[in-house]
Amino acid sequence: MRTAALRRCLAPVLPAVLPPSRGLCVRQPRCDGGGAAAAARKITENAKKSLASLKRENPRLEPTLAIIQARNDHLIQEINKNFAEEVGLRVTHIHLPEGSSKDEVLDEILRLNEDPNVQGLALDLPESLYTSKVLNAVKPEKDVDGLSDVNLGRLVRGDADDCLVPPTACAVMELLEDLGGKTVLLVGAGGAVGAALQSMLQREGAATLSCGWKAPQLQTKLHHADVVVVGSKKPDEIPVSWIKPGTTVISCSPDLLPEKHNYGQENSHAAESTVGSLAIALRMQNMVKNTERWIWSQKYRKWDLRCLKLQPLSPVPSDIEISRAQSPKAVDVLAKEIGLLTDEIEIYGQTKAKVRLSLLERLKDQPDGKYVLVAGITPTPLGEGKSTVTIGLVQALTAHLNVNSFACLRQPSQGPTFGVKGGAAGGGYAQVIPMEEFNLHLTGDIHAITAANNLLAAAIDARILHENTQSDKALYNRLVPVVNGVRGFSAIQLARLRRLGINKTDPGTLTEEEVSKFVRLDIDPSTITWQRVVDTNDRFLRKITVGQANTEKGFVRQAQFDIAVASEIMAILALTTSLQDMKERLGKMVVANDKKGGPVTAEDLGVTGALAVLMKDAIKPTLMQTLEGTPVFVHAGPFANIAHGNSSVLADKIALKLVGEKGFVVTEAGFGADIGMEKFFNIKCRASGLVPSVVVLVATVRALKMHGGGPNVTAGAPLKKEYTEENLQLVADGCCNLQKQIQIAQLFGVPVVVALNVFKTDSPAEVDLVCKIAKQSGAFDAVPCNHWAAGGRGAVKLAQAVEEAASQKNSFKYLYNLELPIVEKIKIIAQKVYGAQDIELSPAAQSQVDRYTRQGFGNLPICMAKTHLSLSHQPEKKGVPTGFILPISDVRASIGAGFIYPLVGTMSTMPGLPTRPCFYDIDLDPVTEQVKGLF
């Protein structure tokens, strides 16, 4: 038997409930009858039991070992297959032609490295292909033969818990006993297996020598050896008699099968064994260990986050100067710190990465963290800093209180970036970095939405043109053409036939009436609601005429462009819960009515699959980081008026899994609480099924003074003295808006923490007054915040208040029942949230309500399109207007997104450029390639 010293460094296959220990070579007890075959049987039986245990705890587990073979040895292939089947493993053989090149082998290795369905990878190659480059191409986590430098390095260092021993080397050790003080000679056993054997033999106390068959003084070395391990076929000119009597000889040729030479027969005084099937059994044992490690890797990982240090300056520099002064972590490093696996991210440059939705399946049993919404009071045109509060809060939670947290933000449109608002990455020392990448293009999601939206718009006009200019037969022949002598419907056409009640699959069997029903959508051009989009503020696209070229044969109609983020596809991206759900929502989008008044959808136009293809990458949230190195998801950016103004459900769901049960996910709702928060609860939470823990309500002394009767605040104009000097009366009078917004949050049963975003012109007395009134009005707490100037440290008290509020009892509820009539749901929002006395629908609005109800869309939630500058429909009415009648000028529907949106007054979906847009200040240094003037 081997000594206790070796056994102490060996680890068995552990139960699945423990962290995996890959261990060194597992010493099995000798079976009756001894020898390699008995040991192989015992190892196989133990591996089978271990795998069965893993499968009981993970019923869907189907571990797969891929073996790349580049030589004609069917016996090896058969033995591997038999052992794998006995253990319960799946084996995929990739049989390359004999004589395959190193590059061909590498291509297969790299492909299998990235295959998520393969947990282990082994190589059976000619000796010439076992190069360092080939062996190290195998990912260490899939290297069941333990031949990579990473595995061998761990083995040599004695890292028993973190390595796999090459099966051949392990088999040799299995067959040897009591090596202390003995001399072991390795002949023709070089490379990775030889290095592993030398390390293990020396650890056992054996004196180890290694040489080739042509080494000088080979006869002397063979004669003095107590054990000879033969790694390759013995040349005929070397007689077996050179091996002294009584020597133990072990053959471990590369094919793992007995050599034709039988040293024991040629020298009756030598005891010979071969590793043969024992090595293959040990390979399968390694695969089971690898499977256990893979299962463990799929479980939730504790964060190991290295936060970035801030050194705030006074006065506070510009946002872009602050952003550029900080060196962000590489995004793959950040991903690893928060528990993302390497195959769960797609890296874009150095600081951005898409996160794959497969994570949700991996962590489906992981409890969610706490869910925090940042909303605000009715803002000034300058904004009150919700994004800055969101980022300051997560910086405080994670960098200063050591609590896992994630910020989930909307992607900004480039329209406002180059127009009037500038960047949207937060501000001061509470930012997402790099801010240039956050504000410009990001990972191209908005461009994907633009492409998908405009493809659908093109399909609508093209279909009308073709139906107007062709007979039923001509349309049918073009829609269902003969390809290579075969005529067949596409999958989406078959789905349309089923919707029409035509249960046929052969194009030649449709009647003339059925053909007509199939080919004619009969779109009424006057009812088209689907517009083209572009991500630029361009006022001259608000009303356009299309179809003026002669080729369009006189089909001219008025249309318009919206800004890209106003597209229903953006709203769908923000509300979808999976690729399948997104595809279904895209198909349901109603783009017009037919001439009988029925809805025409993207599915009817046959474009659903193409739209999903364009959106397949956009559905993945983008990972970035704050100035203090804490994680941020940036995903989706729907309008907060005609859509719901929240970041994506998917980003929130993934973040809630990653932060762990005690962590926090902080997301932001657009505009004031009366708009963004109400839609978050009634629309987004219905779509996601998530329950919020806390509302953080952002207020500023500046905005409260405006609501208290202060002069108008205009973007780009200096603030009047009322806003820069202490005025407690204006503050007290304006707190009515804060009180109203607290009451709105309380309608949903969620605790409220008021975050007072402090400016340097705010006096201590004004700050104290706001906090006092907020608490008296029902807020759980009210905290002044200074994160803009101090980073996360300036929001620590807010973070502590949020933690405490999140531990309170939550009685979350929706504001209305979906089964209520559309008009009744609108009235509930108008009266309970805005404070209106009643609503008034225009004839056009009432007609649309009747149409949507008749079409079966009456049970959708409501998304009010209203000004954000007042609780009422009149932006000049500040404070808390009462007694007003809310006018509903029109009612529209985003059926794919899943809501009805009434228009309160006139609502522009294409902003225009001001006299002096932001682009005057934006520039690029041609030498450094640095962006200037973003904010």
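> Help me understand the overall build of the protein in this model?
Summing up its helical and strand segments, the protein has 34 helices and 34 strands in all. The dimensions of the protein, computed from C-alpha atoms along their principal axes, are 110 × 80 × 55 Å. With 935 residues in all, the protein has 56% of them scored as buried. Long-range pairs, those at least 24 residues apart, make up 73% of the contacts in the protein between residues at least 6 apart in sequence. Put simply, the protein shows about 38100 Å² of open surface, and 51% of that area lies on carbon and sulfur atoms.

> Looking at this model, I keep getting lost on the sheet that holds strand 1 (residues 64–69). Mind explaining?
Sheet strands line up and pair through hydrogen bonds in the backbone, either parallel or antiparallel. The strand order 2-1-3 describes an open sheet built from three strands, whose pairing is parallel. Of all the strands in the sheet, just strand 2 (90–95) and strand 3 (120–124) have a single pairing partner and so form its edges. When strand polarity is set aside, the average angle formed by the axes of neighbouring strands in this sheet is 20°. Of the strands in this sheet, strand 1, strand 2 and strand 3 are in contact with helix 3 (residues 74–87), which crosses strand 2 at around 165°. Sheet strands in contact with helix 4 (residues 102–113) are strand 1, strand 2 and strand 3, and its direction is about 170° off that of strand 1.

> What exactly am I supposed to notice about a nonpolar patch on the surface here?
Taken together, the side chains of L913, F919 and Y920 present a nonpolar region at the surface, about 290 Å² in accessible area. Its place among the elements puts F919 in the loop between strand 32 (899–903) and strand 33 (923–924). Taking relative accessible area as the criterion, F919 reaches 38% and is therefore assigned partly exposed.

> Any chance you could explain unusual backbone geometry here in plain terms?
Glycine aside, negative phi is the norm for most residues, and most peptide bonds take the trans geometry. The omega angle of the peptide bond from S314 to P315 is 0°, so this bond is cis rather than trans. In this structure, P315 sits in the loop between helix 11 (276–298) and helix 12 (319–325). Note the cis peptide between I433 and P434, where omega equals -10°. Summarising the element assignment, P434 is placed in the loop between strand 14 (430–433) and helix 17 (435–439). Unlike most non-glycine residues, L442 shows phi in positive territory, near 55°. Note that L442 resides in the loop between helix 17 and helix 18 (445–469). Its relative accessible area of 8% is what places L442 among the buried residues. Residue N484 is not a glycine yet carries a positive backbone phi of 55°. Following the sequence through the fold, N484 ends up in the loop between strand 15 (482–483) and strand 16 (486–487). On the accessibility criterion, N484 (78% relative accessible area) is exposed.

> Looking at this structure, I do not really get the pairing of strand 21 (residues 590–593). What am I missing?
Note on strand geometry: in a regular strand, side chains alternate between the two faces of the sheet. Where strand 21 and strand 22 (residues 599–601) come together, three bridges link them in antiparallel fashion. In the strand pairing of strand 22, A592 is matched with V600. Hairpin connection between strand 21 and strand 22: a loop of five residues separates the two successive antiparallel strands, and G597 in this loop has a positive phi of roughly 95°.

> How should I be thinking about the confidence of the model for the protein in this particular structure?
A low pLDDT score tells you not to read the predicted coordinates there in detail. This prediction gives the protein a mean pLDDT of 90; 94% of its residues lie at or above 70. The low-confidence segment residues 26–33 (pLDDT under 50) makes 27 contacts with residues lying over four places distant or belonging to another chain. Ignoring residues within four places in sequence, the model shows residues 255–270, a span with pLDDT below 50, making 41 contacts including any to other chains.

> How do you make sense of the packing of aromatic side chains when you look at a structure like this?
Any two aromatic rings considered together are summarised by their centre-to-centre distance and by the angle between their planes. All chains considered together, the criterion is met by twelve aromatic pairs. Relative to Y901, the ring of F899 has its centre 6.4 Å away and its plane inclined at 70°; by these criteria the two rings are edge-to-face. Here F899 and Y901 have matching classes, each one buried. Chaining the aromatic ring pairs together yields one cluster made of Y371, F680, F681, F748, F812 and Y814. Stacked on the ring of Y834, the Lys or Arg K866 has its end atom at 4.7 Å from the ring centre.

> Quick question: what am I supposed to make of the pattern of salt bridges here?
Side chains that carry opposite charge are capable of pairing whenever their charged atoms lie near each other. A complete count under the given rule lists 38 salt bridges for this structure. For K354, the salt bridge goes to D445, with nearest N and O atoms at 2.6 Å. Here K354, found in strand 10 (residues 352–355), pairs with D445, found in helix 18; they are 91 residues apart in sequence, far enough to count as distant. Note on accessibility: K354 and D445 belong to one class, buried. In this structure, D921 and R916 form a salt bridge, with 3.1 Å as the shortest nitrogen-oxygen distance. Using a relative accessible area of 52% as the deciding quantity, one classes R916 as exposed. Each member of the salt-bridge network shares a partner with another, and the members are E346, R356, K616, D617 and K620.

> I would appreciate a short explanation of the side chain of Q69 in the present structure.
Position of Q69 among the secondary structure elements: in strand 1. Every residue in contact with Q69, bar those within four places of it in the chain, is listed here: I76, Q77, H93, I94, H95, L96 and D124.

> What exactly am I supposed to notice about the environment of A169 here?
Along the chain, the position of A169 falls in helix 7 (residues 167–175). Under the relative-accessibility criterion, A169 is labelled buried at 0%. Considered as a pair, A169 and Q198 are 29 residues apart in the sequence and their alpha carbons are 9.2 Å apart. Setting aside residues up to four positions removed in sequence, A169 forms contacts with V193, A196, L197 and M200.

> Even after reading the chapter, I still don't get the pairing of strand 31 (residues 890–894), so can you show me in this structure?
Strand 31 sits mainly inside the fold: four of its five residues count as buried. Both strand 31 and strand 32 contribute to a ladder of five bridges, which runs antiparallel. Counterpart to R892 in the pairing with strand 32 is Y901. With antiparallel pairing between neighbouring strands as the criterion, strand 31 and strand 32 make up a hairpin whose turn holds four residues, including G898 at a positive phi of roughly 100°.

> I'm lost on helix 21 (residues 512–519) in this one. Help?
Residues lying three or four places apart along an α-helix face the same way, a consequence of the helix completing one turn every 3.6 residues. Buried within helix 21 we find E514, V515, F518 and V519. All buried residues of helix 21 fall inside an arc of 120° around its axis, so they share one side. Projecting away from the buried face of helix 21 at angles above 90 degrees are the exposed residues E512 and E513. Residues of helix 21 that are buried sit in contact with helix 18, helix 19 (472–479) and helix 20 (491–499).

> It is not clear to me how the environment of T183 should be interpreted in this structure. Could you clarify?
Assignment of secondary structure puts T183 in strand 4 (residues 183–187). Here T183 falls in the partly exposed class, since its relative accessible area comes to 23%. For the pair T183 and L209, spaced 26 residues apart in sequence, the C-alpha to C-alpha distance is 7.7 Å.

> Before we go on, may I ask you to explain the packing of helix 6 (residues 149–157) against helix 8 (residues 191–203) in this structure?
For any two helices packed against each other, the geometry comes down to the angle between their axes and how far apart the axes lie. The N-to-C vectors of helix 6 and helix 8 enclose an angle of 10°; their axes lie 9 Å apart at closest approach. Classified by the angle their axes make, helix 6 and helix 8 are roughly parallel. When the axes of helix 6 and helix 8 are compared, the crossing they make is left-handed. For the pair formed by helix 6 and helix 8, the contact residues are L152, L155 and V156 on the first element and A192, A196, S199, M200 and R203 on the second. The class makeup of the residues in the contact of helix 6 with helix 8 is six nonpolar, one polar and one charged.

> In this structure, what is going on with the side chain of D145? I would like to understand it.
Considering the arrangement of structural elements, one finds D145 in the loop between helix 5 (132–137) and helix 6. In this structure the side chain of D145 is engaged in a polar contact, spanning 2.9 Å, whose partner is the side chain of R283.

> Which parts of the structure should I look at to understand helix 20?
Along helix 20, the residues that are buried comprise Q493, A495, R496 and L497. In this fold, the buried residues of helix 20 make contact with helix 19 and helix 21. Positive backbone phi, at 80°, marks G501, one or two positions downstream of helix 20.

> When you look at the environment of A673 in this model, what are you seeing that I'm missing?
Among the structural elements, A673 can be located in helix 26 (residues 673–688). The class for A673 is buried, based on a relative accessible area of 0%. Residues A673 and R496, spaced 177 residues apart in sequence, show a C-alpha to C-alpha distance of 42 Å.

Cut-offs used in this document
- Position labels on residues start from 1 in each chain and follow its written sequence.
- Where local features are concerned, this predicted model is filtered to residues with pLDDT of at least 70; where side-chain atom pairs are given and counted, the filter is 80 or more; whole-chain, interface and lining totals use all residues.
- Just so you know, side-chain values use all the structure's heavy atoms and leave hydrogens and water out.
- Secondary structure elements follow DSSP: runs of H or I no shorter than four residues count as helices, runs of E no shorter than two count as strands, and numbering proceeds from the N terminus.
- Note on exposure labels: buried denotes an accessible area under 20% of the residue type's maximum, exposed denotes more than 50%, and partly exposed covers the range between, all computed with a 1.4 Å probe on protein chains only.
- Only heavy atoms matter for contacts: two residues are in contact if any of them lie within 4.5 Å across the pair.
- Only the protein chains shown count as cover for residues, with accessible areas throughout obtained via the Shrake-Rupley method and a probe of 1.4 Å.
- Paired strands are those between which DSSP finds at least two bridges.
- Axes, fitted as lines to C-alpha atoms, cover a helix only where it is in contact. Angles between the N-to-C directions of the axes lie from 0 to 180 degrees.
- Each patch is built from residues that are more than 30% exposed by relative accessible area and take part in no salt bridge. Like charges join if they lie within 9 Å; nonpolar side chains (Val, Leu, Ile, Met, Phe, Trp, Tyr) join within 5 Å.
- Any Lys or Arg side-chain nitrogen found within 4 Å of a carboxyl oxygen on Asp or Glu counts as a salt bridge.
- pLDDT is a residue-level measure of predictor confidence that goes from 0 to 100.
- Each Phe, Tyr or Trp ring, with Trp reduced to its six-membered ring, pairs with another whose centre is within 6.5 Å; inter-plane angles below 30 degrees give stacked pairs, above 60 give edge-to-face pairs, and intermediate values give tilted ones.
- In this scheme, the term charge over a ring applies when either NZ of a lysine or CZ of an arginine sits within 6 Å of the ring centre and within 35 degrees of the ring normal.
- Directions are taken from the helix axis to each C-beta atom, and the arc is the one they span.
- Roughly parallel means an angle under 35 degrees; roughly antiparallel means over 145; roughly perpendicular covers 65 to 115; every other angle is labelled oblique.
- Should the near helix be turned counterclockwise from the far one by less than a right angle, the crossing is left-handed, whereas a clockwise turn marks it as right-handed.
- Amino acids are sorted into nonpolar (Ala, Val, Leu, Ile, Met, Phe, Trp, Tyr, Cys and Pro), charged (Asp, Glu, Lys and Arg) and polar (every other residue, Gly among them).
- Counted as a polar contact is a pair of N or O atoms within 3.5 Å, where, for protein atoms, one must be capable of donating a hydrogen and the other of accepting one, and residues adjacent in sequence contribute only when both atoms are in side chains.

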